[in-house]
Amino acid sequence: MSLRHAVLGLLSEGPASGYDLMKTFDVSLANVWPATQSQLYSELGKLAEAGLVDVVAEGPRGRKEYAITEEGLAELRRWVAEVEPTKVMRSDMLLRVFFLAQVSPEQARDYLRRQAGEAARDLEHMEGIREFVESGADNLSVYGRLALDYGMRLAKAQKEWAEWAEGRIH
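Attention in this report is confined to the structure presented alongside it. (Residues numbered from 1 in each chain as written. Predicted model: local features only at pLDDT ≥ 70, side-chain atom pairs only at ≥ 80, totals over all residues. Heavy atoms only, no water.)

1. Here's the deal with the packing of helix α1 (residues 3-11) against helix α3 (residues 37-49)
Axis separation between α1 and α3 bottoms out at 10 Å; the angle between their running directions is 80°. Comparing their axes, α3 and α1 come out roughly perpendicular. In contact with Leu 3, Arg 4, Val 7, Leu 8 and Leu 11 of α1, α3 contributes Gln 39, Leu 40, Glu 43, Leu 44, Lys 46 and Leu 47. Its residues placed into classes, the contact of α1 with α3 shows 7 nonpolar, 1 polar and 3 charged. (Axes fitted to C-alpha atoms, helices over the stretch in contact; angles between N-to-C directions. Helix = DSSP H or I, 4+ residues; strand = E, 2+ residues; numbered from the N terminus. Parallel < 35°, antiparallel > 145°, perpendicular 65-115°, else oblique. Contact = heavy atoms within 4.5 Å. Nonpolar A, V, L, I, M, F, W, Y, C, P; charged D, E, K, R; others polar.)

2. Observations regarding the environment of Ala 81
Within the secondary structure layout, Ala 81 lies in helix α4 (residues 70-82). Taking the relative accessible area as the measure of exposure, Ala 81 reaches 65% and is therefore exposed. Spatially, the C-alpha atoms of Ala 81 and Leu 8 are 14 Å apart, while their sequence positions differ by 73 residues. (Buried < 20%, exposed > 50% of the residue type's maximum accessible area, 1.4 Å probe, protein only.)

3. Focus on the pairing of strand β2 (residues 53-58)
In summary, the side chains of a regular strand alternate between the two faces of the sheet. Across 5 bridges, the pairing between β2 and strand β3 (residues 64-68) is antiparallel. Counted as the bridge partner of Val 55 is Tyr 66 from β3. (Pairing = 2+ DSSP bridges.)

4. As for the sheet that holds β2
Remark on secondary structure: sheet strands pair via backbone hydrogen bonds, oriented parallel or antiparallel. If you walk across this open sheet you meet the 3 strands as β1-β3-β2, and the pairing is antiparallel. A strand with exactly one partner marks an edge of an open sheet, and here the two such strands are β1 (16-17) and β2. As judged from the 2 bridges shared by β1 and β3, these two strands associate in the antiparallel manner. Directly across from Ser 17, in β3, lies its bridge partner Glu 65. Packing against the sheet, α1 makes contact with β1, β2 and β3, and its axis sits at approximately 90° to β3.

Next up, the structure:
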């Protein structure tokens, strides 16, 4: 997945400014594909240069509203339907687990407690946006619920695993 396709996907639901897109990222895609403000605005510029989005309105203080073009919609549809996800599994958290024998058992248990705590915080954050996501009837809400549920299940499993693993270290 790329930021390019995330932005095209958001714009497929209707025109938006960079600020509006950033707000939507924060309550929807941040758990799936996080982006900083500078990354988002840079990507909008690249999309405009490539003809995948157009600036459809300009307001005060340089505010621009973007809309997806037919070419942008075709690219989004091609990516969704034809491009297989990379499914690259890299986890520096799990890499550290492989080497926990190099620290004391207490340090190893502490590391796993921190991982459980981080997963619990992630789960709590997703619970916090759940009502907002579930309140909408638009496409981003309908399909966002599916992605949110995946994230919540994953965070719950990560928390439970870290707690279980901590108990295995003696």
